[in-house]
Amino acid sequence: MDKYDFSWRIIQENLPELINGLIITLQISVAGMAFALLFGLFFATLRFSQYRILNIVSNSIVQVGRSLPLFVLLFWIYYGLSLKFKINFTDFQAGALALGITGGAYMAEVFRGGITAIDKGQSDAAFAIGLNRMQTSRLIVLPQAIRIILPQTVNIYVGLLKGATIVSVIGVADMIYVAQYVSLETFRPFELYSFAGVVFIALTLSVASFAWLLERQLSGKSRRG
Amino acid sequence: MDNSVPLFDFAAVWSSRALLLEGFGIAMFCATAAIILAMIIGLFIALMRLSNSRILRAFAFVYTQLFRGVPLYVLVIWVYFGLAIVANINLPKIPAGIITLALLNSGYLSETFRSGILAVSVGQSEAGAAIGLTKRQIKRFIVLPQAFRIVLAPSGNQFVDAIKDTAILSIIGVPELMRMAQQQADLFYRPFEFYTTAGILYFIAVMGVTKLFTFIEKRMSRIGFTNSSQKLTNVGEYI
Amino acid sequence: MLEIKSVSKSFGELHVLKDVNLNVAKGEVVCIIGPSGSGKSTLLRCMNFISPPDSGEIVFDKVSWRSYRSKFNVLANLRYEKKLPQLRAEIGMVFQHFNVFPHMTTLENVSLGLQKVRKIKKDEAKQVATKSLEQVGLSDKLQVYPDQLSGGQKQRVAIARALALNPKVMLFDEVTSALDPELVSGILDEIRRLVREGMTMIIVTHEMKFAFQVAHRIVFMDQGKIVQVGTPAEIRNTQEPRAKAFLSSILE
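Note that the coordinates shown come from a computational prediction; the quantities given were computed from them, not determined experimentally. Counting of residues starts from 1 at the beginning of each chain's written sequence and follows it residue by residue. Throughout, the order in which chains and ligands are written sets their labels, letters from A for the former and numbers from 1 for the latter. This being a predicted model, a pLDDT of at least 70 is required before a residue's local features are given, and a value of 80 or more before pairs of side-chain atoms are given or counted; all residues contribute to the totals for chains, interfaces and linings. Values reported for side chains reflect all heavy atoms of the structure, with hydrogen atoms and water molecules removed beforehand.

**Q** How should the nonpolar core be read in this particular structure?
**A** Within soluble globular proteins, side chains that are nonpolar generally end up buried alongside one another. Each nonpolar core is a collection of buried residues, namely Ala, Val, Leu, Ile, Met, Phe, Trp, Tyr and Cys, held together in the definition by side-chain atoms within 4.5 Å. The cut-offs for exposure are 20% and 50% of the maximum accessible area for each residue type, with area from a 1.4 Å probe on protein chains only; residues under the lower value are buried, those over the upper are exposed, and the others partly exposed. Ranked by size, the top nonpolar core spans 115 residues in total, and within it B:M178 and B:Y202 carry the most contacts. When residues of this core are assigned to their parent elements, the largest contribution, eleven residues, is made by helix α9 (residues 191-222) of chain B. By the convention used here, residues are in contact when the closest approach between their heavy atoms is within 4.5 Å. If we skip the residues at most four places from it in the chain, B:Y202 touches A:S67, A:P69, A:V72, B:I163, B:T166, B:A167, B:E176, B:L177 and B:M178. Counting 98 residues, the second largest nonpolar core, distinct from the first, contains B:F141, C:V29, C:M47 and C:L194. A run of DSSP states H or I qualifies as a helix once it reaches four residues; a run of E qualifies as a strand once it reaches two. Both are numbered from the N-terminal end.

**Q** Got a minute to help me understand the sheet that holds strand β1 (residues 2-11) of chain C in this structure?
**A** Within a sheet, neighbouring strands are paired by backbone hydrogen bonds and run either parallel or antiparallel to one another. All names here are of chain C. Note on pairing: two strands pair once DSSP finds at least 2 bridges between them. If you trace the four strands from one edge of the open sheet to the other, you get β2-β1-β4-β5, paired in antiparallel fashion. Because the sheet does not close on itself, it has two edges, and the strands there are β2 (14-24) and β5 (63-65). Taken pair by pair, the neighbouring strands of this sheet meet at an average axis angle of 20°, ignoring direction. With three bridges connecting them, strand β4 (residues 55-60) and β5 associate as antiparallel partners. If you follow I58 over to β5, its bridge partner there is W65. Every angle, taken between N-to-C directions, lies between 0 and 180 degrees, and every axis is a line fitted to C-alpha atoms, over only the stretch in contact when it is a helix. The strands touched by helix α1 (residues 40-47) within the sheet are β1, β2 and β4, with β1 carrying the most contacts at an inclination of about 120°.

**Q** Would you take a moment to explain the interface of chain B and chain C for this structure?
**A** A common measure of how large an interface is: the accessible area buried when the components associate. Taken together, the 23 residues of chain B in the interface contact 27 residues of chain C. Here chain B and chain C share an interface that buries about 2,100 Å² over both sides, 61% of which is from carbon and sulfur atoms. It is B:E126, B:A130 and B:I131 that lose the most area in chain B upon contact with chain C, and together they represent 27% of the buried surface on that side. By definition, a salt bridge exists where a carboxyl oxygen of Asp or Glu is found within 4 Å of a side-chain nitrogen of Lys or Arg. The interface formed by chain B and chain C contains two salt bridges. Note that B:K135 is salt-bridged to C:E81, the shortest N-O span being 3.2 Å. We call two N or O atoms a polar contact when they sit within 3.5 Å, provided that within protein one can donate a hydrogen and the other can accept it, with sequence-adjacent residues counted only if both atoms are side-chain atoms. The interface formed by chain B and chain C includes seven residue pairs in polar contact (both at pLDDT 80 or more). Broken down by secondary-structure element, the contributors of at least two residues to the side of chain B that touches chain C are α6 (122-130) and α7 (135-165) of chain B. Each residue receives one of three labels: charged for Asp, Glu, Lys and Arg, nonpolar for Ala, Val, Leu, Ile, Met, Phe, Trp, Tyr, Cys and Pro, and polar for the others, Gly being one of them. When the residues that make up the side of chain B that touches chain C are grouped by side-chain class, the tally is ten nonpolar, ten polar and three charged. Summed over both partners, buried area is the accessible surface (1.4 Å probe) that two parts give up on being assembled.

**Q** Mind showing me how you'd approach a nonpolar patch on the surface here?
**A** All names here are of chain A. Exposure above 30% relative accessible area and no salt bridge define the residues that can form patches, which grow by joining like charges within 9 Å and nonpolar side chains of Val, Leu, Ile, Met, Phe, Trp and Tyr within 5 Å. Reported accessibility uses the Shrake-Rupley method at a 1.4 Å probe radius. Residues are deemed covered only where the shown protein chains occlude them. Residues Y51, I53, L54, V57 and I61 make up a contiguous nonpolar surface patch of about 470 Å² in total accessible area. Residue placement: L54 occurs in helix α3 (residues 52-67). Residue classification places L54 among the partly exposed residues on the basis of a relative accessible area of 31%.

As far as function goes, none of this settles anything; it's purely spatial.
If you want it as structure tokens, here you go:
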């Protein structure tokens, strides 16, 4: 192979499109996260239900959601479901849904973990001073659980952000997709993918360090509690 | 349905079973090889991060941040196509896939190992030092065996993620399960059936590995070791 | 036999030890007492460089030891770290929180040092370790893992682990503080046995009655300094105001 001469100008020339792609990446990851929170909350609630059958059902759904690769989920929804049942998801909808299912399975665990992590002594003490069930969860359990849940939620979002890179395979015009078609036109795959990679690393690392800061901040508060 | 084809037809899947199983085998092979490599690299990186040398620490820090931050999709393209362009290294597909997964997972595992090592209490090293063990002996006989048990469960989770991640290797053409399912789905025009089957196979693999690690853990606690050190869980990072 | 010469140590701004000097003769039992935070444990941990002193030296068996850390010479650091275990192998130490190795059986806990430090063959090491465990009354627990032992039994394992190496000095760092009250006397009896055998010992303890019984000399520390050293009788009748206040608050 001939020596590849690098031309980083290509990035500059296509910057507007790349940024548009990035915005779509952010949109789809946020939409996915919204689904994830919804699903997560729903299934976590089911797991705390007093009906055993609901526990089991939600448990299995969460288990399956966590076991399926995002890629498979994406194709299953976009090609499988839509063709079979004539539900015409747009590529964006399918991507957000797939991200939401994967993220939701993890979020259900986070919600459950956050709530069970609160020492039973806390609710005992709350009942002992005469608070009712509602007050106990609102005033005692939830505020403490949020300290555990919040940083992990941001971590899940980081995961979704990274996962969102693959939605280009079903044709969502995200940054990777832009990098792909520009490199087909210009034969500059290396520069374009490297640029996309660096942007993603910067993005995920800054969100992840936000989670880290959040965790420190919140745990610092609870230590005095 | 307006056509006369039955709603669910898994006959095509059945006729392609050999290909799907081969893909499944390749996926499991890639995941296993990658996780073993990742554990070796991860351990070295973790020890570097805990070493006295500032240069080693800095290198290990950048390494973990880099490979934890980069999306797999970008990394696999970079390893397979990028290395060929920049360094003229033309890796075959499967090794390229394994290396990619190993790099990615080594970033996470090194963090897991580091916190596992730190979770072994200082008193343990002190007691080792007090009976005259050298630093190396303390690491080998006291700290690492205890850290190993602490990181077992999170390593199992990492293995599960590696299995799921093999699906992405299809984009560089590794003939693993997802790739096979894609090809057959296009061939028979039965995406729902093929992707459902692929999903079931992934589910079985993931459950199998999860059960295996739970079993090993139980086994270890039965021979007397129940460590009071905190369990490591960071579920969020495993997508 | 063990000489501590102007040892100082600080953690950041906090001066934990300020120019401490102490001589311990062969066969002597020295108990170190004082309020918490007075630097007793840190002094003990400086003696075998588990916490290396910032300055000063430890002379053990006529050999002088100092802290050493070169910023540039990595090899010299390694050489120093290779040498330190020789000192530590001669000084046994028992900790407040036992620090038994949870992934090893009782027998393995004790024979580890024999095999790896004393380089004794496995079978022989097991014999020595068994004998050492018999002496602390654990001959029926050889194959048991620490999580099935009580606190008192764990501490016995720790004592056996140190004694198996046949050390010349034993250091005890508040070894009964983490124990349930009913288990304390058993561990103190083990130390009394060593006193009878003539072992050189330095004991940091809050058990005043015990300290005054077994010690040849008592060291009273406060705010990082040795305030007074004397025989139990001398210390009991001390006129030094801080020592007097401390003792009256404890002995009531």
